[in-house]
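Listed below are the residues making up each chain.
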Amino acid sequence: MISQDEKKKRAAEAAVNYITDGMVVGLGTGSTVMYLLEAIARQGLKISGVTTSKKTSKICASLGIKVNDIDNVDHIDVTIDGADEVDVYMNGIKGGGAALLMEKIVAKNSKRNIWIVDDTKVHDILGTFPLPVEVVPYGSGRLLKKFNDKGLKPILRMDKNKLPIVTDGGHYIIDLHLNAIDNPQNLAEYLERQVGVVEHGLFLDVADVIIIGGDKNIIKERKNRMTE
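The structure contained in this document is the topic of the report that follows. (Residues numbered from 1 in each chain as written. Predicted model: local features only at pLDDT ≥ 70, side-chain atom pairs only at ≥ 80, totals over all residues. Heavy atoms only, no water.)

## Considering the packing of aromatic side chains
Phase 1 of the analysis: Per the counting criterion, the structure on display carries 2 aromatic pairs.
Phase 2 of the analysis: When the ring of tryptophan 115 is compared with that of phenylalanine 203, the centres are 6.5 Å apart and the planes differ by 70°; the resulting orientation is edge-to-face. With tryptophan 115 in strand E6 (residues 113-118) and phenylalanine 203 in strand E11 (residues 202-203), this residue pair connects regions lying 88 residues apart in the sequence. Side by side, tryptophan 115 and phenylalanine 203 carry an identical accessibility label, which is buried. (Phe/Tyr/Trp six-rings, centres within 6.5 Å; stacked < 30°, edge-to-face > 60°. Helix = DSSP H or I, 4+ residues; strand = E, 2+ residues; numbered from the N terminus. Buried < 20%, exposed > 50% of the residue type's maximum accessible area, 1.4 Å probe, protein only.)

Written out as structure tokens, the structure is:
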């Protein structure tokens, strides 16, 4: 039995095979992506990175990986990112690292999206991981009440000092503790209609490839292709 960290590392290192010199690569946020960045640096790949958080930018700088602003590139060849949960339909929940807005901007501007996860992140349906919703601070209390009245079990994400977590964009995060999301598309549409919601952590029909690290890596591709 291998550790969860080793599973993450295996998935991340497999993703490097999708990168070649000269590519513009979207670089996600989180512990699994850290292994990816280390592998890119170790192999000496000459890429131009578009990062999804200040944290990732700092790590890239320490590893000598070139970073460009998203507005200064004319395309993104591929984005590689982690996910907090994925389902059998290749949908996912992201935002555990409070970077979901920038992650979705980069993903939606990419030709191809690859997620790297360990096998504990895979479930039949989404909802085990709390769904992050990024909101503007002004009126966030009203949104909390509205979500609570709708039965979405919202909790404002706090730091260790009991202060609201503030994202790189200057927003708050409300986590919805749902346990199961029977219709993610309907929930996404509801959240997008709410004034004050900046973005939500449902990433639907975004991933083209999911690399699942385990005792053996499993690679899922859209159109229901799977290889080991």
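## Topic: the sheet that holds strand E8 (residues 154-156)
Working definition: the strands of a sheet are paired by backbone hydrogen bonds and lie parallel or antiparallel to each other.
Phase 1 of the analysis: Spatial strand order, E8-E9-E7-E10: 4 strands in an open sheet with antiparallel pairing. The strands lining the two open edges of the sheet, one partner per strand, are E8 and strand E10 (197-200). Strand after strand, the sheet turns through a mean of 30° between neighbouring axes, direction not considered.
Phase 2 of the analysis: The pairing of strand E7 (residues 131-135) with strand E9 (residues 172-176) spans 5 bridges and is classified as antiparallel. (Pairing = 2+ DSSP bridges. Axes fitted to C-alpha atoms, helices over the stretch in contact; angles between N-to-C directions.)

## What to know about unusual backbone geometry
Phase 1 of the analysis: One non-glycine residue with positive phi stands out, namely methionine 90, at about 70°.
Phase 2 of the analysis: By secondary structure assignment, the location of methionine 90 is in the loop between strand E4 (85-86) and strand E5 (92-93).
Phase 3 of the analysis: Within the chain, asparagine 179 stands out as a residue other than glycine whose phi angle is a positive 70°.
Phase 4 of the analysis: Within the secondary structure, asparagine 179 sits in the loop between E9 and helix H6 (184-192).
Phase 5 of the analysis: Looking at asparagine 179, the relative accessible area reads 55%, which means it is exposed.

## A short note on the nonpolar core
Phase 1 of the analysis: Among the nonpolar cores identified, the biggest contains 27 residues, and Ile19, Leu27, Leu36, Ile40, Ile80, Ile116 and Ile211 are the most heavily contacted of them.
Phase 2 of the analysis: Elements with a minimum of two residues in this core: helix H1 (4-15), strand E1 (24-27), helix H2 (31-43), helix H3 (54-63), strand E3 (78-81), E6 and strand E12 (209-213).
Phase 3 of the analysis: The element that contributes the greatest number of residues to this core is H2, accounting for 5 residues.
Phase 4 of the analysis: Look past the residues within four positions of leucine 27 in its chain and what remains in contact with it is Leu36, Leu37, Ile40, Gly49, Val50, Thr51, Thr52, Thr56, Cys60, Ile65 and Ile80.
Phase 5 of the analysis: In this structure, Leu131, Leu176, Leu191 and Val197 belong to the second largest nonpolar core, which totals 20 residues. (Core = buried A, V, L, I, M, F, W, Y, C linked by side-chain atoms within 4.5 Å. Contact = heavy atoms within 4.5 Å.)

## Observations regarding H3
Phase 1 of the analysis: Along H3, the residues classified as buried are Thr56, Ile59 and Cys60. Considered in projection along H3, the buried side chains sweep an arc of 100° and stay on one side of the axis. Residues of H3 that are exposed and point more than 90 degrees away from the buried face comprise Lys54, Lys55, Lys58, Ala61 and Ser62. (Arc of directions from axis to C-beta.)

## Looking at the side chain of aspartate 77
Phase 1 of the analysis: Turning to its location among the elements, aspartate 77 is positioned in the loop between H3 and E3.
Phase 2 of the analysis: For aspartate 77, which is buried and forms no salt bridge, the nearest opposite charge comes from lysine 111, at a distance of 4.1 Å.
Phase 3 of the analysis: Among the polar contacts listed, one links the side chain of aspartate 77 to the backbone nitrogen of valine 24, at a separation of 2.8 Å.
Phase 4 of the analysis: When residues no more than four places from it in sequence are discounted, the contact partners of aspartate 77 are Met23, Val24, Lys111 and Arg112. (Lys, Arg positive; Asp, Glu negative; His and termini not counted. Salt bridge = Lys/Arg side-chain N within 4 Å of Asp/Glu carboxyl O. Polar contact = N/O pair within 3.5 Å; in protein donor to acceptor, adjacent residues only side chain to side chain.)

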